[in-house]
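# Structure assessment
Here is how the chains run, residue by residue.
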Amino acid sequence: MSTPPFLTLPGCARAERVVTGRGEFAALRAEPAGPVRGSALLVPGFTGSKEDFIGLLEPLAAAGYRVTAVDQRGQYQTGGPDDPAAYGVGALGADVRALTGALAADGTPLHLLGHSFGGQVVREAVLAAAAGGGPLPWRSLTLMSTGPGAIDPAEAARTRLLLDALRGMDLEQIWQVMRQLEAESGKPRPNLEPAVAEFLHRRWLANVPRALSVTGGHLVAAPDRVAELADAASGLPMLVLSGVRDYAWPVPEQTAMAERLGARRVLVADAGHSPNAERPAATAEALTAFWA
């Protein structure tokens, strides 16, 4: 999971709920002080939330972009039903399309970004929109720290352990096991501010277990749909952005995906799987350069 660098919202941002035809979604929204150059919808990954993008809100708004970061269905403050059908990538992609309709209603060009598992969700949204015919409703697509198909085998093995645990343990029990394994690994989590550590625990407990099971199951067996996306989104500017290291999808695999898509490729120095949280200033600079 991503660890937000801080939790205090900048003055340009507020927490609210975005109302769509598919329900309400918890969001952090940032507004430029001056003219609006465009809008952006930011979609988080597995076990993540809108707070994963908190470090991007101020620099993106300062560059003139109206930014909306959301909790996906089943995550943190959005919630969801105990129904596996609600959490397939097709259903979550439909949520992204509904959010797009709500956010683009004023005619402002909307840039779409998905981080990690969120990248495969936004890919699904684009494929479904293209299948429906007509122009795509986005100005650009950014795939951040995501890959063409299933996650790296080592990460898939860890995810399968979580899926097994979800069958017989509650989220608090799993959290305690994860912390114990982390301590025994010899690589404990860096010291966090108490407020951030408490937030990570609270966010984990707020996940809908069914959502974790379905989305985790997707990650370990996701199909490669890059060729379909390249065909469906021909003409849509695309960016593949990642840190210089990544445990979920190998960086060379992400670079090859960019080549297959004909996308711009950016590597963020000194960043891993979450450049949005680890190097937000450099990540925002790369995004605004691309969007411009």
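So, here's what we can say about the structure. Along each chain, residues carry numbers from 1 onward, in the same order as the chain's sequence is written. Reporting in this predicted model follows two pLDDT cut-offs: at least 70 for local features of residues, and 80 or more for side-chain atom pairs to be given and counted; totals over whole chains, interfaces and linings ignore these cut-offs and use all residues. Note that water and hydrogens are dropped before the side-chain values are worked out from all heavy atoms of the structure.

## A few points about helix H4 (residues 153-166)
Secondary structure elements are taken from DSSP: a helix is a run of H or I of four residues or more, a strand is a run of E of two residues or more, and numbering for both begins at the N terminus. A helix is expected to span 1.5 Å for every residue after the first. For H4, with 14 residues, the first-to-last C-alpha span of 20 Å sits near the 20 Å given by 1.5 Å per residue. Each residue's exposure class comes from its accessible area (1.4 Å probe, protein chains only) as a fraction of the maximum for that residue type: buried when under 20%, exposed when over 50%, partly exposed otherwise. Of the residues making up H4, those classed as buried are Glu 155, Ala 156, Thr 159, Leu 162, Leu 163, Ala 165 and Leu 166. Contacts are residue-level and defined by heavy atoms, with any inter-residue pair within 4.5 Å sufficient. As for H4, its buried residues are in contact with helix H5 (171-184), helix H6 (194-206) and helix H7 (209-219).

## Description of the packing of aromatic side chains
Working definition: rings of Phe, Tyr and Trp (its six-membered ring) pair if their centres are within 6.5 Å, and the pair is stacked with planes under 30 degrees apart, edge-to-face with planes over 60 apart, and tilted otherwise. Within the structure shown, the criterion is met by 2 aromatic pairs. Between Tyr 76 and Phe 199, the ring centres sit 5.4 Å apart and the planes meet at 90°, which makes this aromatic pair edge-to-face. A residue pair is termed long-range when its members are at least 10 positions apart, and Tyr 76 in the loop between strand E4 (65-70) and helix H2 (89-103) and Phe 199 in helix H6 qualify at 123 residues. Directly above the ring of Trp 175 sits Arg 179, whose terminal nitrogen or CZ lies 4.2 Å from the centroid. Definition used: whenever NZ (Lys) or CZ (Arg) falls within 6 Å of the ring centre and also within 35 degrees of the ring normal, the charge is taken to sit over that ring.

## Overview of the nonpolar core
The term nonpolar core refers to a set of buried residues drawn from Ala, Val, Leu, Ile, Met, Phe, Trp, Tyr and Cys, joined through side-chain atoms within 4.5 Å. Counting 52 residues, the largest nonpolar core has Leu 41, Leu 112, Leu 141, Leu 229 and Leu 261 as the members making the most contacts within it. The biggest single contributor to this core is helix H3 (residues 117-131), with 7 residues. Once residues lying within four places of it in the same chain are set aside, the contact partners of Leu 229 are Arg 123, Val 126, Leu 127, Leu 141, Leu 143, Ser 234, Met 238 and Leu 261.

## Concerning the pattern of salt bridges
Each salt bridge in this description consists of a side-chain nitrogen of Lys or Arg and a carboxyl oxygen of Asp or Glu lying within 4 Å of one another. Tallied over the full model, the rule gives 19 salt bridges. Ionic pairing is found between Arg 22 and Asp 95, a salt bridge with its closest N-O pair at 2.6 Å. Of this pair, Arg 22 sits in the loop between strand E1 (13-20) and strand E2 (23-30) while Asp 95 is found in helix H2, placing the two residues 73 residues apart along the sequence. Relative accessible area serves as the criterion here: at 34%, Arg 22 is assigned to the partly exposed category. For Asp 95, a relative accessible area of 2% puts it in the buried group. Residues Lys 50 and Glu 51 are paired through a salt bridge, measuring 3.2 Å at the closest nitrogen-oxygen approach. Side by side, Lys 50 and Glu 51 carry an identical accessibility label, which is buried. Through salt bridges with shared partners, a single ionic network connects Arg 14, Glu 16 and Arg 29.

## A word on a nonpolar patch on the surface
A cluster of nonpolar side chains, Met 169, Val 177 and Leu 181, forms an exposed patch at the surface whose accessible area comes to about 240 Å². The residue Val 177 is located in helix H5 in this model. For Val 177, a relative accessible area of 38% corresponds to the partly exposed category. The residues that make up patches have over 30% relative accessible area and no salt bridge, and they are joined within 9 Å when like-charged or within 5 Å when they are Val, Leu, Ile, Met, Phe, Trp or Tyr. Per-residue and other accessible areas were derived by the Shrake-Rupley procedure at a 1.4 Å probe size, with only the shown protein chains allowed to occlude residues.

## Focus: the sheet that holds strand E8 (residues 264-268)
Taking strand neighbours across the sheet as the criterion, the 8 strands line up as E1-E2-E4-E3-E5-E6-E7-E8 in an open arrangement whose pairing is mixed. Edge strands, defined here as strands with exactly one partner in the open sheet, are E1 and E8. Each strand axis lies, on average, 25° off the axis of its neighbour in the sheet, ignoring direction. As paired elements, strand E3 (residues 38-43) and strand E5 (residues 110-115) share 5 bridges and run parallel to each other. Residue Ala 40 lies in a different strand from E5, and its bridge partner there is His 111. What makes two strands pair is DSSP finding at least two bridges between them. Geometry is summarised by axes, namely lines fitted to C-alpha atoms with helices restricted to the contacting stretch, and by angles between N-to-C directions that run from 0 to 180 degrees.

## Thoughts on the pairing of E3
Where burial is concerned, most of E3 is hidden: 6 out of the 6 residues are buried. Residues Gly 38, Ala 40 and Leu 42 line one face of E3 and the alternating positions Ser 39, Leu 41 and Val 43 line the opposite face, and both faces are buried. The handedness of a crossover follows from its direction of travel: if, with the strands pointing away from the viewer, the path from the first strand over the helix to the second runs clockwise, the crossover is right-handed. Tracing the backbone out of E3, into helix H1 (residues 54-62) and back to the parallel element E4 gives a crossover that is right-handed.

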